[in-house]
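Understanding the architecture of this molecule
Here is how the chains run, residue by residue.
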Amino acid sequence: MEKQDMMLTNMLNMDKGEKEGEREKGRAEGPGDEEEGTQQENGRLTLADSLSEKGTKRLSSGSGQQVSNGFNTSTPQSPKEGPGGAACSGGAASAPGSGPGATVPPGGLRTLVVQQTSLDRPRETWSKKMDFLLSVIGYAVDLGNVWRFPYICYQNGGGAFLLPYLLMAIFGGVPLFYMELALGQFHRSGCISIWKHICPIFKGIGFAICIIALYVAFYYNTIMAWALYYLLSSFRPTLPWTTCSNSWNTANCNLYMSTDHNVSWSNSSTSPAEEFYTRQVLQVHRSEGLHQLGSVSWQLALCLLFIFTIVYFSIWKGVKTSGKVVWVTATFPYLVLLVLLVRGATLPGAWRGVVFYLKPDWQKLLSTTVWIDAAAQIFFSLGPGFGVLLAFASYNPFHNNCYKDALITSSVNCLTSFLSGFVIFTMLGYMAEMRQQDVGSVAKDAGPSLLFIIYAEALANMPAATFFSIIFFLMIIMLGLDSTFAGLEGVITAMIDEFPQLLSKRREWFVLGLVCVCFLGALSTLTYGGAFVVKLFEEYATGPAIITVVLLEVIAVSWFYGTNRFCNDIHLMLGFYPGCFWRICWVAICPCFLLFIIISFLAFPPEVRLFDYHFPPWTTALGYCIGISSFICVPAYMVFYLLTAKGTFKERLLKSITPVPSGDQYREYIVTNAV
C-alpha cells in the first residue's frame, strides 16, 4: 500500500505536458525498482479528462464488488449504477476523450486513474470460446445420458416423465448450473481457494469436492475400460458375443438370431451377449461377493492403463490441450448417435420401442418416486457441485456471457438425453420383435447392462455388425473421457490455485501423480468382483455426499455471501442484473430442491443389487462410511478455522463468515483536480 501511495504522489507531480512515453518511463522509475519490469507489465495507468465535481474519490461498489481476480478489464459493460450501488465499469473508468492523444479543454478538471493489478502471472484462458463450450457440454453429456435417462423415463411414465423432468431442470438444475459458472468466472479460482472470497468457514466444501471427484475417478474410468475391451473384441469378422460355442458359455446360453425362428426364449435363457459381459469381461462368477473380490483381471488392468494414459496426455498441459481434444471427444458421440438413430429407425419393431418410450402414463405423476427420480436425474446430468464448472469458468475472459453459456449447454444436455432415448428404444423395440416379447421384458436391465448386454446384442444382429459395434463402443469411451477430463481438471485447478507456489510450475508432475493415484484406487474395481465395487461407489460414495455439499454451497452463496452481492458481481461481468426468477431460485427453490432429494434418499434408501447378488446389510454401513469420509471435511474445517483464527470467539465467528474482498488484488484510484 505504501508503495502504491508513493507511486500516486510521483504521478501527481508529473508535468501535464509530458508525452506518453515519458509518463511510462516515470511510472517505471517509482519506488521498487527491483520490480520494474513486472510493474510495467501488470500495472496500468490511465489519464482521463473529466468535468466531474471537485474532490478525491475511489471507485468502488457499495457492496464490495471490485473487478479483481488478476484479470485486466478495459471494456466497460455499462456506465450506470445498479440498485446495489455498483459502478459497472468493469475496469478502468476512463472518461470520453481520454487516452494518450486526448486534448484537455482549458480550465477543465483532470482526472488521474491509477490502477495496480496483481503482480502474479496472468491466468491461463481458453484459446477459443468453443473450447469452453465443448468442454462443458462434454462434461455434462456423459454415460448417464445414454443409459440412465431412457430407463428412468420409461419406468416413470414415459412421456409424462418429461413434465417433472423439465420443471426440475428449470427451477433446480439450470439455476445451480448458472450460479457455478458465474462464481468461477468472477472469482477466477478453483473450488477450494474460492471460498475465502465467499464465506471462509465453508472452505471444507472444496476439499470434500476433491475427495468425491477422486471416488468418481476410481470407478467411472473402469466402465470405459469395459468399453475398450468390447472395442478391441469388435475387430473380428464374428463378434464374440454372438455365439454360444466359446469357452465361457454355459448350457443356458441361447443363441437367438433373427433367422433362428425355431429357438424359443424362456426366463432361464441367457443370451451370448449376457454371458460375454458377465463371464468373460467381468468374470463375476469367480467372485462370491464384496467379501471375496478375487484377483485383478490383467486384461482390464491393461485397458484401464491405456485409458489413463490418454487422460494424462490430454490434460497435463491444462485447458490449452484439453480444449483441443474435446473437439473430437465431444462431437464424435453426436455423429454416432445420429447414425445409430437413422439405422435403428429402419429396423423392424423400432416403432414399438418408441411408443413404449414416450407413451404417457399420467397416473404415475401422483407418485413421489417419479419426482425424486426427475430431481436426481437432472442434478447428476448437469453436474453442479463437482468443482468442474467453477474450474472451467475460471479460465474464461472476465466479461464472457456465462448466462448465455449456461442456457445453451444445459439445453444441449437435456436434448441429448431425450435423443439418446430414441437411439436406445428403437433398438429395444427391434430386440422385442426378434424375441417376440414385450419391450418391457427386454428393457428390464438398467445402467451398464443396458449398453453392454441389450444394445450390444442388438448391434450384433444387424447387418454390418462389426462397423456399428466399433463406432458404438468408441462413442461410449469418448463420452466417458470428456467427463474424466473435466472431473480431474476440477481437482487440478483447485489444488494449483490453493498451493500455487508449490504446484503451478510442476503441473505435469502433479497431474502424473494424480492419475497414478486414480489408477491405484481403481484396482479394486478391476477384480473379479469389481462390478460390485463399482455399484457400491455409484450408490453411496458420490450421490448423497455431493447433493449435501451442493446444498451447503447454495446456502453459503445465497444466505451468507448474499444474493445482492452475488448479483452485483454478475452485473460487473455481464452489464445486467439477474432477474427475480434467478434470485428466488438461488435463495429458496434450489435449497428446497436439494433438500427434497436428500430427504427422499434417506427415507427411501435404494435396494442395491447387481445380477443375482443382493448386497448384504454391512455393505450399507460401508457405503455410508465412504460417503461421510468426504463430507466430514466440511465440519472438520469449520472447527479447525475457529480454533486457529485469532481474536475472541465473536471476532473469530464474524471473520469466518466475512469474505475476503477480491479487490485486494486490484486497486484503482481516481484523483480529480490533478495538475
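Residue positions are given per chain, counted from 1 along the sequence in the order it is written. Residue-level local features of this predicted model are given only where pLDDT is at least 70; pairs of side-chain atoms are given and counted only at 80 or more, and the full residue set underlies all totals for whole chains, interfaces and linings. Computation of side-chain values covers all heavy atoms of the structure but excludes hydrogens and water.

**Concerning the UniProt feature "binding site: Na(+)" (unreviewed entry) in the chain**
The feature "binding site: Na(+)" (unreviewed entry), as annotated in UniProt, sits at G138, A140, V141, N145, S381, N413, L479, D482 and S483 in this numbering. Spatially, the listed residues are clustered: although they cover 346 residues, their C-alpha atoms lie within 13.5 Å of one another. Helix numbers and strand numbers start at the N terminus; a helix is a DSSP run of H or I with at least 4 residues, a strand a run of E with at least 2. Along the polypeptide, G138 turns up in helix 4 (residues 129–140). With a relative accessible area of 2%, G138 lands in the buried category. Contacts: residue pairs with any heavy atoms within 4.5 Å of one another. Setting aside residues no more than four positions away along its own chain, G138 makes contact with A330, L479, D482 and S483. Relative to the helices and strands, A140 is located in helix 4. UniProt positions are given in the numbering used here, feature names are shortened, and annotations may be inferred rather than shown by experiment. For every residue, the accessible area (1.4 Å probe, protein chains only) is compared with the maximum for its type, and the residue is labelled buried under 20%, exposed over 50%, or partly exposed between those bounds.

**Quick look at the pattern of salt bridges**
We define a salt bridge as a contact between a side-chain nitrogen of Lys or Arg and a carboxyl oxygen of Asp or Glu at a distance within 4 Å. Under the defined criterion, the tally for this structure stands at 8 salt bridges. Here D131 and K324 are joined by a salt bridge, their closest N and O atoms 3.3 Å apart. Taken together, the positions of D131 in helix 4 and K324 in helix 10 (residues 319–329) put the pair 193 residues apart, joining distant regions of the chain. Look at D131 and you get buried, because its relative accessible area is 0%.

**Quick notes on the packing of helix 5 (residues 143–155) against helix 13 (residues 368–382)**
Relative orientation and spacing of two packed helices are given, respectively, by the angle between their axes and the distance between those axes. Axes here refer to lines fitted to C-alpha atoms; in helices the fit is confined to the stretch in contact. Angles between the N-to-C directions go from 0 to 180 degrees. At a minimum axis separation of 11 Å, helix 5 and helix 13 run at an interaxial angle of 170°. The angle between helix 5 and helix 13 places the two elements in the roughly antiparallel class. Residues G144, N145, R148, F149 and I152 of helix 5 pack against D373, A376, Q377 and S381 of helix 13. Under this grouping Gly is polar, as are all residues other than the nonpolar Ala, Val, Leu, Ile, Met, Phe, Trp, Tyr, Cys and Pro and the charged Asp, Glu, Lys and Arg. Across the contact of helix 5 with helix 13, the residue classes break down as 3 nonpolar, 4 polar and 2 charged. Roughly parallel means an angle under 35 degrees; roughly antiparallel, over 145; roughly perpendicular, 65 to 115; everything else is oblique.

**Quick word on the state of the cysteines**
By definition, disulfides here are pairs of cysteine sulfur atoms that lie within 2.5 Å. Within this structure, the stated rule accounts for 1 disulfide. Disulfide partner of C244: C253, at an S-S distance of 1.9 Å. Taking the sign of the S-S torsion, about -70° here, the bridge from C244 to C253 comes out left-handed. Not part of a disulfide, C580 finds its nearest cysteine sulfur in C567, a span of 9.2 Å.

**Brief notes about the side chain of N221**
Mapped onto the elements, N221 comes out in helix 7 (residues 204–233). Residue N221 is classed as buried on the basis of its relative accessible area of 0%. Side-chain atoms alone can form a polar contact between residues adjacent in sequence; in general such a contact is a pair of N or O atoms within 3.5 Å, and within protein one must be able to donate a hydrogen while the other accepts it. A distance of 2.8 Å separates a polar atom in the side chain of N221 from a polar atom in the side chain of T484. What N221 contacts, discounting residues up to four positions off in sequence, is V216, L304, I307, F308 and T484.

**Points about a nonpolar patch on the surface**
Excluding any residue in a salt bridge, patches collect residues exceeding 30% relative accessible area, merging like charges within 9 Å and nonpolar Val, Leu, Ile, Met, Phe, Trp and Tyr side chains within 5 Å. Per-residue accessibility takes into account occlusion by the displayed protein chains alone, with areas from the Shrake-Rupley method and a 1.4 Å probe. Where nonpolar side chains cluster on the molecular surface, the patch consists of L163, L166, L167, I170, F171, W362 and F581 and spans about 650 Å² of accessible area. Among the elements that line the nonpolar patch, the one with the most residues is helix 6 (residues 162–187), at 5 residues. Along the chain, F171 falls in helix 6. On the basis of relative accessibility, which here comes to 34%, the residue F171 falls in the partly exposed class.

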